[in-house]
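# Observations on the three-dimensional arrangement
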Amino acid sequence: APYSKNIIKLLEEILLFDNANLFDFVHFSVNSICSYLDIKVPIIESSSIQIDHSLKCQEKVLSICQAMKAQVYINPIGGIHLYSKQMFENHGIELLFFKINSFEYPQFNGGEFVPHLSIIDLLMNCSLDETKQILYQKYNLL
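Below: a short report on this structure. (Residues numbered from 1 in each chain as written. Predicted model: local features only at pLDDT ≥ 70, side-chain atom pairs only at ≥ 80, totals over all residues. Heavy atoms only, no water.)

## Here we look at the side chain of N125
Condition: The secondary structure listing takes helices from DSSP runs of H or I that are at least 4 residues long and strands from runs of E that are at least 2 residues long, numbered from the N terminus. Note on classification: 1.4 Å probe, protein chains only; a residue is buried when its accessible area is under 20% of the maximum for its type, exposed when over 50%, partly exposed between these limits. Within 3.5 Å is the distance limit for a polar contact, defined as a pair of N or O atoms, with the added protein rule that one can donate a hydrogen and the other accept it, and that residues adjacent in sequence qualify only through two side-chain atoms. Contact criterion: two residues are considered in contact whenever any of their non-hydrogen atoms come within 4.5 Å of each other.
Its place among the elements puts N125 in helix 5 (residues 119-125). For N125, a relative accessible area of 5% gives the class buried. In this structure the side chain of N125 is engaged in a polar contact, spanning 2.8 Å, whose partner is the backbone nitrogen of F108. Discounting residues that sit within four places of it in the chain, N125 has contacts with A1, P2, Y3, Y105, P106, Q107 and F108.

Here it is in structure tokens:
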């Protein structure tokens, strides 16, 4: 794939992360990819936020939002049936969902486009600028 050399180096760095803790590995992976994409949003571990950690589901998310003084909470579209817009609104928080629009990009296989692969495929087949454009433009907030 055209951009595989850069991405293989990134993947090697991630896969060689020397820690057996799954959370630490995933946290490192997400931070590494965000850094590569120049995404500068701080990622905060929810366990570090002073809330009642026995809360579950929507109540826990609301508690985190309140602790962080959030005005908006954005969740993937898959959670649309898990959260109540009214409940968030009652707490002064706008609840939005993002839906990724279908899109295609040139894939290395040269055949029929295979959708829904990981970001690794996108990164290996598209330039950094193209990848950023896709990530920032191919979704809707509902």
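## Observations concerning the nonpolar core
The cut-off we apply is this: Among the buried residues, those of types Ala, Val, Leu, Ile, Met, Phe, Trp, Tyr and Cys that are joined through side-chain atoms within 4.5 Å form a nonpolar core.
Listed in full, the nine residues of the largest apolar core are V61, L62, C65, Y73, Y83, F88, I93, L95 and F97. Taken together, the elements giving at least two residues each to this core come down to helix 3 (57-67) and strand 2 (94-100). For this core, the leading source of residues is helix 3, giving three residues. L10, I14, L123 and M124 belong to the second-largest nonpolar core, a separate cluster that totals eight residues.

## Focus: the side chain of S29
Mapping S29 onto the fold places it in helix 2 (residues 22-36). Its relative accessible area of 11% is what places S29 among the buried residues.

## Looking at the environment of K132
Within the secondary structure, K132 is located in helix 6 (residues 128-137). Sequence separation between K132 and I120 is 12 residues; the distance between their C-alpha atoms is 13 Å. Excluding anything up to four places from it in sequence, K132 contacts L37 and D38.

## Describing the layout of surface pockets
Our working rule: Cavities and pockets were defined on a 1 Å grid built over protein atoms only: a cavity is a set of grid points that admits a 1.4 Å probe from which the probe cannot escape, a pocket is an open set flanked by protein on both sides within 12 Å along at least five of seven lines, and lining residues are those with an atom within 4 Å of any such point. Grid points are joined across faces, edges and corners, and a volume is the space filled by probe spheres set on the points. Classification used: nonpolar for Ala, Val, Leu, Ile, Met, Phe, Trp, Tyr, Cys and Pro, charged for Asp, Glu, Lys and Arg, polar for all others including Gly.
The volume enclosed by the largest pocket comes to roughly 1,700 Å³. Those elements that provide at least two residues to the lining of the largest pocket are helix 2, helix 3, strand 1 (72-76), strand 2, helix 5, helix 6 and strand 3 (139-141). Of the residues belonging to the lining of the largest pocket, the class tally is 34 nonpolar, six polar and one charged.

The quantities given are spatial measurements derived from coordinates; they are silent on function.
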